[in-house]
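Architecture at a glance
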Amino acid sequence: MEKINYSLKEGIAQITMDDGKANSMNWIFFEEMGKSLDQAENDGAKVLVIKGRPGFFSGGLDLKLLTTLSASEMGDLATTFARTMLRVFSFPVPTIAASTGHAVAGGAMLAFACDRRFAIDGPYRIQMNETLIGINLPHWMFLIASSAIPSRWRNQALLHARAYNPNEALERGILDAVAKDTDSLAEQVKIVTEELLSLNLPAYAGSKKNFRQSEIEHVLDLLKKDLSGLS
């Protein structure tokens, strides 16, 4: 069963995550996400929208998988995770996260990696919970999160693992807007997509690279050093 579906319509690429559960991130997830990103680039997409299934954008890394990995395998997964999120962060066309439910840990990070973020209202968590479950946040996560979370709220959101509902995230400037239902979310995304289609893509891609590439290379180098002791 595919966990990720890709579609293209009128220059708008859409990646829909749906594993029937929490859209957990594991080897299959990253393989399919990578292929979908490849396809969007190959198709010459002008905007990329990433959305989830009803109730879940993504719950982040597959914790059951983590308990089965050796140290070297854990390092491989950490590298794949980082490179996938940073690829979205540096993607050469405008990106929109359409959060359809919970966005936790890696799920929140995926939303933060997009240029614009929208969510459905409801009893959903947007949370970086790593410091609650004993995981050190790596440098690359701070880089991505800093682009999405205003400085006033970064300690609370990242170090203190505060869980926000969609409206609380909106109040803090983490989200662009909150929709009352699926149809309203689609309409919000459509409006922003139409605005983004007016951008000159070569200028956008070049500017985004200039804005982020050196920092991305730096955090990947730091990740490599952090993982060098794993075997």
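Residues numbered from 1 in each chain as written. Predicted model: local features only at pLDDT ≥ 70, side-chain atom pairs only at ≥ 80, totals over all residues. Heavy atoms only, no water.

Pairing between sheet strands relies on hydrogen bonds along the backbone, with the strands arranged either parallel or antiparallel. The strand order across the open sheet built from 3 strands is β4-β6-β8, with neighbouring strands paired in parallel fashion. The sheet is open, and its two edges are formed by β4 (55–58) and β8 (126–127), each paired on a single side. With 2 bridges connecting them, strand β6 (residues 101–104) and β8 associate as parallel partners. Across the sheet, residue Ala 103 finds its bridge partner in β8, namely Ile 126. In the packing of helix α4 (residues 106–113) onto the sheet, the strands contacted are β4, β6 and β8, and the crossing angle to β6 comes to about 95 degrees. (Pairing = 2+ DSSP bridges. Helix = DSSP H or I, 4+ residues; strand = E, 2+ residues; numbered from the N terminus. Contact = heavy atoms within 4.5 Å. Axes fitted to C-alpha atoms, helices over the stretch in contact; angles between N-to-C directions.)

Applying the stated criterion across every chain yields a total of 3 aromatic pairs. Relative to Phe 30, the ring of Phe 29 has its centre 5.5 Å away and its plane inclined at 90 degrees; by these criteria the two rings are edge-to-face. A single burial state applies to Phe 29 and to Phe 30, both of which are buried. Judged by centre distance (5.0 Å) and plane angle (90 degrees), the rings of Phe 81 and Trp 140 are edge-to-face. (Phe/Tyr/Trp six-rings, centres within 6.5 Å; stacked < 30°, edge-to-face > 60°. Buried < 20%, exposed > 50% of the residue type's maximum accessible area, 1.4 Å probe, protein only.)

As a further point, take the nonpolar core. With 59 residues, the main nonpolar core has Phe 112 and Trp 140 as its most contacted residues. In terms of residue count, the dominant contributor to this core is helix α3 (residues 71–89) (7 residues). When sequence neighbours within four positions are dropped, the list of residues in contact with Phe 112 reads Arg 117, Met 128, Ile 144, Ala 145, Ser 147, Ala 148, Ile 149 and Ile 174. In terms of nonpolar packing, the next biggest core, distinct from the first, is built from 14 residues, Val 47, Ile 120, Ala 177 and Val 189 among them. (Core = buried A, V, L, I, M, F, W, Y, C linked by side-chain atoms within 4.5 Å.)

The next point concerns helix α10 (residues 201–227). Approximately 45 degrees is the largest bend angle found in α10, and it occurs at Arg 212. Among the residues making up α10, those that are buried are Tyr 204, Lys 208, Arg 212, Ile 216, Val 219, Leu 220, Leu 222, Leu 223 and Leu 227. Those residues of α10 that are buried lie in contact with α3, β5 (95–99) and α6 (139–148). Between the side-chain oxygen at the start of α10 and the backbone nitrogen of Ala 203 there is a gap of 2.9 Å, and the oxygen is on Asn 200. (Bend = angle between axes of the 7 residues up to and from the residue. Polar contact = N/O pair within 3.5 Å; in protein donor to acceptor, adjacent residues only side chain to side chain.)

Take α4 next. Among the 8 residues of α4, 8 are classified as buried, and the element is accordingly described as predominantly covered. If you check which residues of α4 are buried, you get Gly 106, Gly 107, Ala 108, Met 109, Leu 110, Ala 111, Phe 112 and Ala 113.

Another point: the sheet that holds strand β7 (residues 116–120). What the 6 strands build is an open sheet, ordered β1-β2-β3-β5-β7-β9; its pairing is mixed. The sheet is open, and its two borders are formed by β1 (4–9) and β9 (177–179), each paired with just one other strand. Taking the axes of each pair of neighbouring strands and ignoring which way they run, one obtains an average angle of 20 degrees across the sheet. Inspection of the sheet shows strand β2 (residues 12–17) paired to strand β3 (residues 47–51) by 5 bridges, in the parallel sense. Along β3, the bridge assignment pairs Thr 16 with Lys 51.

In this section: the packing of α3 against α6. Contact geometry for α3 and α6: axes closest at 10 Å, N-to-C directions at 25 degrees. With respect to α6, the element α3 is oriented roughly parallel. Taken as a pair, α3 and α6 cross one another with a handedness that is left-handed. Seen from α3, the contacting residues are Phe 81, Ala 82, Met 85, Leu 86 and Phe 89; seen from α6, they are Trp 140, Met 141, Leu 143, Ile 144 and Ser 147. When the residues that make up the contact of α3 with α6 are grouped by side-chain class, the tally is 9 nonpolar, 1 polar and no charged. (Parallel < 35°, antiparallel > 145°, perpendicular 65-115°, else oblique. Left-handed = near helix turned anticlockwise from the far one by under 90°. Nonpolar A, V, L, I, M, F, W, Y, C, P; charged D, E, K, R; others polar.)

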